[in-house]
Amino acid sequence: MSVATGPSAADAAVRVAAVGDIHLGEDCEGLLRTAFAGLPDCADLLLLAGDLTRHGTAVEAEVVAGEVRGLGVPVVAVLGNHDYHSGEEAEVTRVLRDAGVAVLEGEAVVLSVAGHKVGVAGAKGFCGGFVGRSAGEFGEPEMKAFVRTTRLSAERLTAALGDLAVGGCALRIALTHFSPVPDTLAGEPLEIYPFLGSYLLAEAIDSAGADLSVHGHAHLGTEHGMTAGGVRVRNVAQPVIGRAFALYHLHPDGHGGPGT
């Protein structure tokens, strides 16, 4: 979507930078800082779609914090499965929040950017599969717990998006780590689709409404997809987008959609 020179605040597009699966370790200090430092010139906010660390340690989170602290644009994140690996997800969250990052899990944040009220609802999401080929909350306790994890995450995402609708946001973005649709998994082995996302996340997004859905996790997937309800979905895993971040332009009247 092209933006006319010198738009009024009411006409200005919101420029959304997004990336996931950066997998920073202790040896990655400064790896993304130069690229991120230029964000105020091209973006109004930065979304981080999980798997920010390699093993989910607080020490690795400090590296991530150093890359995004004081960028001059709001930073909103969800955690991914790697960020949970060491059982330090609460500490990872604390470190990132101390650096000014809004870390969401079944929550929403409202930002005032480009003259608009923009809401981001975030949840990590989980596995389970997609319509016609998905796990059900039935049978053994282990299977019930597996699917219940996804269902509860989707319910929290629905509630967070609903809160943004009530709050009168001009734009609403759903931020997850796991994918809500199979479209953006194209390129991944079919056998692992059930471990890359769940249709329950798409149902949450479609039922509550959103202008854009952003996720990561699927390193061999495809950037562009769409929910059954017509919400555009973008896989921003860094191996997929092949750059420090992807950039999307959103307009409150819906015209043009999220172009790169």
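Residues numbered from 1 in each chain as written. Predicted model: local features only at pLDDT ≥ 70, side-chain atom pairs only at ≥ 80, totals over all residues. Heavy atoms only, no water.

## Quick word on the overall build of the protein
The helix and strand inventory of the protein stands at seven helices and 13 strands. Its C-alpha atoms give the protein a radius of gyration of 17 Å, near enough to 18 Å, the size a compact globule of 260 residues would have. Over its C-alpha atoms, taken along the principal directions, the protein stretches across nearly 60 × 40 × 35 Å. Looking at the protein as a whole, 52% of its 260 residues qualify as buried. Of the contacts formed within the protein by residues at least 6 apart in sequence, a portion of 73% connects residues at least 24 apart. For the protein, the exposed area adds up to about 10,700 Å²; of that, 54% sits on carbon and sulfur atoms. One finds the centroid of the 17 positive side-chain charges in the protein at a distance of 4 Å from the centroid of its 31 negative side-chain charges. (Helix = DSSP H or I, 4+ residues; strand = E, 2+ residues; numbered from the N terminus. Rg over C-alpha atoms; globule rule 2.2 N^0.38 Å. Buried < 20%, exposed > 50% of the residue type's maximum accessible area, 1.4 Å probe, protein only. Contact = heavy atoms within 4.5 Å. Areas by Shrake-Rupley, 256 points an atom, 1.4 Å probe, with all protein chains shown as cover. Lys, Arg positive; Asp, Glu negative; His and termini not counted. Charge placed at Lys NZ, Arg CZ, Asp CG, Glu CD.)

## Digging into the packing of aromatic side chains
The final tally for this structure, using the stated rule, is three aromatic pairs. When the ring centre of Tyr-84 is taken as reference, the NZ or CZ atom of Lys-124 above it lies at 5.2 Å. (Phe/Tyr/Trp six-rings, centres within 6.5 Å; stacked < 30°, edge-to-face > 60°. Lys NZ or Arg CZ within 6 Å of the ring centre and 35° of its normal.)

## Quick word on the side chain of Thr-184
Looking at the element boundaries, Thr-184 is found in the loop between strand S9 (171-175) and helix H6 (199-208). Residues contacting Thr-184, with those up to four places away along its chain left out, are Ser-179, His-215, Ala-218, Gly-221, Thr-222, Glu-223, His-224, Gly-225, Val-233 and Asn-235.

## What to know about the sheet that holds strand S6 (residues 116-122)
As summarised here, the arrangement of the six strands in space is S5-S6-S9-S10-S12-S11, forming an open sheet in which the pairing is mixed. Taken across any chain shown, the strands that pair with only one partner, and hence form the sheet edges, are strand S5 (107-113) and strand S11 (224-226). Geometrically, the sheet is characterised by an average inter-axis angle of 25° between neighbouring strands, direction not taken into account. Taken together, the seven bridges between S5 and S6 define a ladder with antiparallel strand orientation. By the bridge assignment, Val-113 is partnered in S6 with His-116. (Pairing = 2+ DSSP bridges. Axes fitted to C-alpha atoms, helices over the stretch in contact; angles between N-to-C directions.)

## Notes on the sheet that holds strand S2 (residues 45-49)
With mixed pairing, five strands are arranged side by side in an open sheet as S4-S3-S2-S1-S13. Every interior strand has two partners, whereas the edge strands, strand S4 (102-103) and strand S13 (246-250), have only one. As defined by bridge partners, S2 adjoins strand S3 (residues 75-78) across four bridges and the pair is classed as parallel. Looking across to S3, one finds that Leu-47 is bridged to Val-76.

## Thoughts on helix H4 (residues 89-98)
Those residues of H4 lying buried are Val-92, Thr-93, Val-95 and Leu-96. Taken around the axis of H4, the buried residues stretch over an arc of 165°, which confines them to a single face. Facing away from the buried surface of H4 by more than 90 degrees, the exposed residues are Ala-90 and Asp-98. The secondary structure elements touched by the buried residues of H4 are helix H2 (58-68), helix H3 (81-84) and S4. In the segment just after H4, Gly-100 is the residue with positive phi, at about 95°. (Arc of directions from axis to C-beta.)

## Re the confidence of the model for the protein
Here the protein shows a mean pLDDT of 93. Residues at 70 or above account for 93%. In the predicted structure, residues 1-8 sits below a pLDDT of 50 and forms nine contacts with residues beyond four places in sequence or in another chain. (pLDDT = per-residue confidence, 0-100.)

## Things to note about unusual backbone geometry
Of note in this structure, His-23 is not a glycine but carries a positive phi near 50°. Structurally, the position occupied by His-23 is in the loop between strand S1 (14-19) and helix H1 (33-37). Here Ala-114, not a glycine, exhibits a phi torsion of approximately 50°, which is positive. Positionally, Ala-114 belongs in the loop between S5 and S6.

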